[in-house]
Amino acid sequence: MAILLLIGGVFAFTQVKTWKVSKDYSVEFSAKGVNGIFKTFSATINFDEAKLAASKFVMTIDVNSINTGNGLQNKHALGAEWFNAEKYPNIKFTSSSFEKTEKGYSVKGKLQVKDVTKDVTIPFTFTKSGSKGKFVSSFTIERSDYNVGKPGGDVGNNIKLNVTIPVTK
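Residues numbered from 1 in each chain as written. Predicted model: local features only at pLDDT ≥ 70, side-chain atom pairs only at ≥ 80, totals over all residues. Heavy atoms only, no water.

This brings us to the overall build of the chain. A count of helices and strands for the chain gives two helices and eleven strands. Listed N to C, the secondary structure of the chain is α-β-β-β-β-β-β-α-β-β-β-β-β in terms of helices and strands. If one aligns the C-alpha atoms of the chain with their principal axes, the spans along those axes are about 65 × 30 × 30 Å. In the chain, buried positions account for 40% of the 169 residues. (Helix = DSSP H or I, 4+ residues; strand = E, 2+ residues; numbered from the N terminus. Buried < 20%, exposed > 50% of the residue type's maximum accessible area, 1.4 Å probe, protein only.)

What follows deals with the nonpolar core. Counting residues in hydrophobic clusters, the biggest one holds 43 residues, and the most contacted among them are Ile45, Phe47, Phe57, Phe83, Phe124, Phe135 and Ile165. Residues in contact with Phe135, not counting those within four places in the same chain, are Trp19, Ile45, Phe47, Phe57, Phe124, Thr125, Phe126, Val163, Thr164, Ile165 and Val167. (Core = buried A, V, L, I, M, F, W, Y, C linked by side-chain atoms within 4.5 Å. Contact = heavy atoms within 4.5 Å.)

In this section: the side chain of Arg143. By the element assignment, Arg143 lies in the loop between strand E10 (132-142) and strand E11 (158-168). Buried and without a salt bridge, Arg143 has Glu81 as its closest oppositely charged side chain, separated by 6.8 Å. Among the polar contacts made by the side chain of Arg143, one reaches the main-chain carbonyl oxygen of Val148 at a distance of 2.8 Å. Separated by 3.1 Å, the side chain of Arg143 and the backbone oxygen of Gly152 make a polar contact. Those residues within four positions of Arg143 in sequence are excluded, and the remaining contacts are Trp82, Val148, Gly149, Lys150, Gly152, Val155, Gly156, Asn157 and Ile159. (Lys, Arg positive; Asp, Glu negative; His and termini not counted. Salt bridge = Lys/Arg side-chain N within 4 Å of Asp/Glu carboxyl O. Polar contact = N/O pair within 3.5 Å; in protein donor to acceptor, adjacent residues only side chain to side chain.)

Before going further, it helps to examine the pattern of salt bridges. For the structure shown, the criterion picks out three salt bridges. Taking the shortest distance from any N to any O, the salt bridge between Asp48 and Lys17 comes out at 3.9 Å. Residue Asp48 is found in the loop between strand E4 (41-46) and strand E5 (56-62), and its partner Lys17 is found in the loop between helix H1 (2-14) and strand E1 (18-21); the two are separated by 31 residues along the sequence. Among the residues examined, Asp48 registers a relative accessible area of 9% and is labelled buried. Assessed through its relative accessible area of 26%, Lys17 is described here as partly exposed. In this structure, Lys128 and Glu49 form a salt bridge, with 3.8 Å as the shortest nitrogen-oxygen distance. Taken together, the positions of Lys128 in strand E9 (residues 116-129) and Glu49 in the loop between E4 and E5 put the pair 79 residues apart, joining distant regions of the chain.

A separate point is the packing of aromatic side chains. For any pair of aromatic rings, the description consists of the separation of the ring centres together with the inter-plane angle of the planes. Within this structure, the stated rule accounts for 17 aromatic pairs. An angle of 90° between the planes, with centres 5.4 Å apart, marks the rings of Phe57 and Phe135 as edge-to-face. On the criterion of sequence distance, the pair formed by Phe57 in strand E5 and Phe135 in strand E10 is long-range, its members being 78 residues apart. When sorted by exposure, Phe57 lands in the same class as Phe135, which is buried. Counting every residue linked through ring pairs, the aromatic cluster contains Trp19, Phe47, Phe57, Phe98, Tyr105, Phe124, Phe126 and Phe135. A cation over an aromatic ring shows up here: Lys100 above the ring of Tyr105, its NZ or CZ 4.7 Å from the ring centre. (Phe/Tyr/Trp six-rings, centres within 6.5 Å; stacked < 30°, edge-to-face > 60°. Lys NZ or Arg CZ within 6 Å of the ring centre and 35° of its normal.)

The structure is reproduced here in structure tokens:
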């Protein structure tokens, strides 16, 4: 019986808040020669500022939801040379650890784009008000690290991502 109480106590201590992503999220990207959004995004967000070690993010972007404002450019981005959306329909991030920083937080984890998975650290802020909150992040990745497009050309290698995720409990 004592073991069950201990296990229950540990679970209660490490359990973190689960946040539900609101519909008005935003995943924007920009680089020399292109900018746009991904319209479809989903996430499992378990986050508590007081329990960072037990927090977890798993986020998925539907590559087919890309919108650059140019139909031909969208079609090209989905093709084999760029995202190869038929074979790799999702971009996925899975966290491994969180840290409090001077400007907010950072999350380390694995970012998978196409068949390439790399360790990344993403800075973010989190604000909450009652049962609502908002995660905001701005960071840059190099598309060549993930074999997205050929080097050079009209599109810059550094892709800036601006992500805003409103959440509710």
